[in-house]
Amino acid sequence: MSKTRVATTWLDGCSGCHMSFLDIDERIVELASMIELVYSPIVDTKEFPENVDVTLVEGAISSDADIEEIINIRKNTKVLISFGDCAVSANVPAMRNRFERREVIDRAYIENANNNNHAPYQNIPGLMKSARPVHEFVQVDLFLQGCPPPSEAIYGVLSQLLAGEYPDLKGKTRFGA
Amino acid sequence: MRPPAFLQSALERDVRPVKVVTFKIDDKDVTAREDETILTVARQNGIFIPTLCHLEGLSERGACRLCLVEIKNVPRLAPACVTLPRQDMEVITTSERVQDYRKKILELILTERNHVCSVCVSNGHCDLQQLTVDLGLTHVHYDYLYPHHTIDATHERFSIDHNRCVLCLRCVRVCDEIEGAHTWDIMSRGILSKVITDLNQPWGTSETCTGCGKCVHVCPTAALTEKGKSVAEMTKRRQFLPYLQMMRKEERQ
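Read on for an overview of the structure.

## Comments concerning the overall build of chain A
Phase 1: Helix and strand content of chain A: six helices and seven strands.
Phase 2: Its helices and strands in sequence order give chain A the pattern β-α-α-β-β-β-α-β-α-α-β-β-α, from N to C terminus.
Phase 3: By the compact-globule yardstick of 16 Å for 177 residues, chain A fits well, its C-alpha radius of gyration being 17 Å.
Phase 4: Per-residue burial over chain A gives 41% buried out of 177 residues.
Phase 5: When contacts within chain A are restricted to residue pairs at least 6 apart in sequence, long-range pairs at least 24 apart make up 79% of them.

## Overview of the environment of Thr111(B)
Residue and element names in this part refer to chain B.
Phase 1: Considering the arrangement of structural elements, one finds Thr111 in helix α3 (residues 96–112).
Phase 2: Note on Thr111: 18 C-beta atoms within 10 Å, which makes it partly exposed.
Phase 3: For the pair Thr111 and Tyr144, spaced 33 residues apart in sequence, the C-alpha separation works out to 4.4 Å.
Phase 4: Setting aside residues no more than four positions away along its own chain, Thr111 makes contact with Val140, Tyr142, Asp143, Tyr144 and Leu145.

## As for the nonpolar core
Phase 1: If you look at the biggest cluster of nonpolar residues, it comprises 97 residues, and the most contacted ones within it are Val57(A), Cys171(B) and Cys215(B).
Phase 2: Top element by residues in this core is helix α6 (residues 151–162) of chain A. It accounts for six residues.
Phase 3: Among the domains, domain 1 (19–94) and domain 2 (119–248) of chain B are the pair contributing at least three residues each to this core.
Phase 4: Those residues in contact with Cys215(B) that lie beyond four places of it in its chain are Cys171(B), Val174(B), Cys175(B), Trp184(B) and Leu224(B).

## Here we look at the sheet that holds strand β3 (residues 52–58) of chain A
All names here are of chain A.
Phase 1: Read across the sheet, five strands follow the order β2-β1-β3-β5-β7 without closing on themselves; strand pairing throughout is parallel. Strands with a single pairing partner mark the edges of an open sheet, and in this sheet they are β2 (35–39) and β7 (142–144). When strand polarity is set aside, the average angle formed by the axes of neighbouring strands in this sheet is 25°.
Phase 2: By the bridge criterion, five bridges tie strand β1 (residues 4–10) to β3 in an arrangement that is parallel. Counterpart to Thr8 in the pairing with β3 is Leu56.
Phase 3: Together, β1, β3 and β5 (77–83) form the strand contacts of helix α3 (residues 64–76), whose direction differs from that of β5 by roughly 135°.

Definitions and limits used
- Residues numbered from 1 in each chain as written.
- Chains lettered and ligands numbered in written order.
- Predicted model: local features only at pLDDT ≥ 70, side-chain atom pairs only at ≥ 80, totals over all residues.
- Helix = DSSP H or I, 4+ residues; strand = E, 2+ residues; numbered from the N terminus.
- Rg over C-alpha atoms; globule rule 2.2 N^0.38 Å.
- Buried ≥ 20, exposed ≤ 12 C-beta atoms within 10 Å, placed from the backbone.
- Contact = placed C-beta atoms within 7 Å.
- Core = buried A, V, L, I, M, F, W, Y, C linked by C-beta atoms within 7 Å.
- Domains from an automatic or database assignment.
- Pairing = 2+ DSSP bridges.
- Axes fitted to C-alpha atoms, helices over the stretch in contact; angles between N-to-C directions.

Spatial relationships are all this shows, so hold off on functional conclusions.
This is how it looks when you write it as structure tokens:
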């Protein structure tokens, strides 16, 4: 039997959900024997591959590059999972949404910088007016809430998917868990 | 001198006898006094109906609409907290239609303000957050509004964060009905509604606030909190409400 092709990515997130994923401890060895990690910030593949079975998307959609990436991911993924509160509700990244884009950039690159105080103007993706949840852009098949989702919930989802079942998340996680 | 027998029995009867009605909740036969709400009767019979603005010990407001139930042969849904049962009424609390509406209401509440559970002082102790679990709400279909709201931290010990307010008006009711100060009230309409202290002035300058903190502890979310609490540290203590009620009832008798 061919291994299940799994990908993970982070957009506007803090990587905490990925850390929680690693917190499934020794079970990751068993999981690794059943899946092939085809794309992830922690592997070296640069291009998102085709025919991915499951993709975990951490983080909100905040820039032009995020939109491009999520559309490409959706095109090549069978089961797309919003992985953590930022992907599900835009969460903390969305706390900037009440401010103007200019204010946000000035705050980060000028007001809070100790030297070289100027905003970058080339080679970086354009910041969107507001950070938005993933499902506002593409269809999402499963929502894994939590900031971060508890490792038990992450393991639960993946093991149930690998067993060919529809994951039941009731009581396993929640917003802000 | 004892009154004659026929008068005696009449006097022993209540002057305004409370009628008892029998009706059905989810096919279960239940009995209620005619002045008890459907919600009260459901709770007495162990039937779960979600609520947010309701709090035992305060008057009913019917503000949140999460307790909507279906009544057979009535086209519109009814809020269980302010609807009285009638004889032979058939109440349904778990139909797909009811559950769908409740979820939509919860989603609208979440989009209307800025509820960021992960960095909230009430994370893990929040009625709103718990409702998303109880109703199985995994995400919100509507666009978040991300409105601009302020925090008033002028009070010595408490602060109000309008980002987290769900307009349940528990604070308004407890301040008026239990503390008797009526510091809290509400201004504007619809989506612009906002709870205010006195005449919309900073809480710290309120002349009527007694600083009792009842509003803080009945608040279902982290709109009203004690100062000095960090993420997930704000637990609400509501034992005072049934206790005060019991003591006041005893005094009256």
